[in-house]
Amino acid sequence: MTVVLLLLVLAVVLFATELLPVDVTALLLLAGLVVSGQLDPKEAFAGFGNDTVLTLASLFVLSRALLRTGVIESIGAFLTRRARGTTGLVRLMLTTVAGVSAFVSNTATTAVFLPVVLGLSRRAGVPAGRVMMPLAFASILGGTVTVIGTSTNLIVSGLLPRYGQKTLGFFELAWVGVPVLVAGMLYLFFVAPRLLPAAEGDIEERYGLRAYLADLALDEGSALAGKSLREAALGREHGLTVVTVVRGEEAVQAPGADFVLRGEDRLVVEGPSDRLMEATATLGVHLRSERKLRESLESGAERDAVRLVEVVVMPRSPLVGRTLREARFRERYGLSVLALHR
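Residues numbered from 1 in each chain as written. Predicted model: local features only at pLDDT ≥ 70, side-chain atom pairs only at ≥ 80, totals over all residues. Heavy atoms only, no water.

K.L.:
An account of the packing of helix 1 (residues 2-17) against helix 2 (residues 22-35) is needed here, citing residue identities and associated values.
P.N.:
The contact between helix 1 and helix 2 brings their axes to 10 Å, and the two run at 170°. Taken as axis vectors, helix 1 and helix 2 run roughly antiparallel relative to one another. On helix 2, the residues that touch Leu7, Ala11, Leu14 and Phe15 of helix 1 are Val22, Thr25, Ala26, Leu29, Gly32 and Leu33. Residue composition of the contact of helix 1 with helix 2, by class: 8 nonpolar, 2 polar and no charged. (Axes fitted to C-alpha atoms, helices over the stretch in contact; angles between N-to-C directions. Helix = DSSP H or I, 4+ residues; strand = E, 2+ residues; numbered from the N terminus. Parallel < 35°, antiparallel > 145°, perpendicular 65-115°, else oblique. Contact = heavy atoms within 4.5 Å. Nonpolar A, V, L, I, M, F, W, Y, C, P; charged D, E, K, R; others polar.)

K.L.:
How would you explain helix 10 (residues 174-190) if you had to name every residue and give the values?
P.N.:
Counted at 1.5 Å a residue, the expected span for helix 10 with its 17 residues is 24 Å, and the 24 Å between its end C-alpha atoms agrees. For helix 10, the secondary structure elements touched by its buried residues are helix 6 (85-101), helix 8 (129-142) and helix 11 (192-195). (Expected span 1.5 Å × (residues − 1).)

K.L.:
Quick rundown of the nonpolar core? Include the residues and the values.
P.N.:
Judged by nonpolar contacts, the single largest core of 27 residues is most densely connected at Met93, Leu94, Phe113, Met185 and Leu188. The set of elements that each furnish at least two residues to this core consists of helix 5 (71-82), helix 6, helix 7 (106-124), helix 8 and helix 10. At 6 residues, helix 6 tops the list of elements feeding residues into this core. When neighbours within four sequence positions are excluded, leucine 188 is seen to be in contact with Leu94, Pro134, Phe137, Ala138, Leu141 and Pro193. Of all hydrophobic cores here, the second largest spans 18 residues; its members include Ala214, Leu218, Leu234 and Phe259. (Core = buried A, V, L, I, M, F, W, Y, C linked by side-chain atoms within 4.5 Å. Buried < 20%, exposed > 50% of the residue type's maximum accessible area, 1.4 Å probe, protein only.)

K.L.:
If you had to explain unusual backbone geometry to someone new, which residues and values would you point to?
P.N.:
Where the residue is not glycine, phi is negative for most of them; where a peptide bond is considered, it is trans in most cases. The residue glutamate 18 is not glycine, and still its phi comes out positive at about 55°. With respect to the helices and strands, the residue glutamate 18 is situated in the loop between helix 1 and helix 2. If you check the backbone angles, alanine 254 has positive phi at about 45° while not being a glycine. With respect to the element layout, alanine 254 can be found in the loop between strand 3 (250-253) and strand 4 (266-270).

K.L.:
So what's going on with the pattern of salt bridges? Which residues, and what values?
P.N.:
Per the counting criterion, the structure on display carries 2 salt bridges. For the salt bridge of aspartate 258 with arginine 230, the shortest nitrogen-to-oxygen distance reads 2.3 Å. In this pair, aspartate 258 sits in the loop between strand 3 and strand 4 while arginine 230 sits in helix 13 (residues 229-232), placing the two residues 28 residues apart along the sequence. Relative accessible area serves as the criterion here: at 57%, aspartate 258 is assigned to the exposed category. Overall, arginine 230 belongs to the partly exposed group, its relative accessible area being 46%. In this structure, aspartate 265 and arginine 247 form a salt bridge, with 2.7 Å as the shortest nitrogen-oxygen distance. Of the two residues, aspartate 265 sits in the loop between strand 3 and strand 4 while arginine 247 sits in strand 2 (residues 241-247), which places them 18 residues apart along the sequence. The pair formed by aspartate 265 and arginine 247 is uniform in burial state, with each residue classed as buried. (Salt bridge = Lys/Arg side-chain N within 4 Å of Asp/Glu carboxyl O.)

Purely geometric stuff here, so don't read any function into it on its own.
The structure is reproduced here in structure tokens:
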């Protein structure tokens, strides 16, 4: 009992802190039970041949196939065409997710529909915070309708024969699941929107960028004129990131390191306020007002070209373990990294 309880506490701590990936923690727990003599190898690996485990694995394969073949993407496009207004789009999306999760694992459904829902919310101008939680609950509610809707239903159904009971029929839970689904969806349609945030926090405020975005104009005889951005070393020596270079009527977004500056160029830069002040004193540039900068960025072609977005580096991204310079991030993608949150 002591060994099992210690392993249980260790597992809970590792699951909660995520010091190790969840799957690694689970396999280590299984190995701990075998090494400590609580299970023999036959018992330990019997679960991998269990009908329930194989069914769950098959559902995840099916979900992945739906994503890779473009079925889910087609559903997202269909929803966008058929929806009438923002409210209608959200309700149609939740209804679709609930319907799909009744026949595909609700966990897999949530994972597969997540990028679709984020894309739809972005197109409709709906904050992601208003659709993420309803998405999860719609998937859970849909999973109560059939025996394969959620892994817990499958596990219980698989255990019933041990106790002399029949396994659950495919729609046996629907007598309870459908009323619960209808009640839950009505709540998500009419009550949840009043409780969820109406807007998301501003990216500029969250990363402290607003105070550090500035418009620098090159003076006559500036030390930067005729130099490439690499030679100017604005990032390395002055801590400034050049977001845009405005030359006459042309705006060059995320210019590369070999871009050569000319007199009368305007540089939209991001950096600490003290380094900006230092640059105006030593580089032959002067600071234009932030108000004029924002007006210029919000008008005409520049408005359509400039975007401030937040992205997440996924665990298997080719960027992991590399510096931005090694990845040639700006040259390859034409994007300027203004801040990192870790």
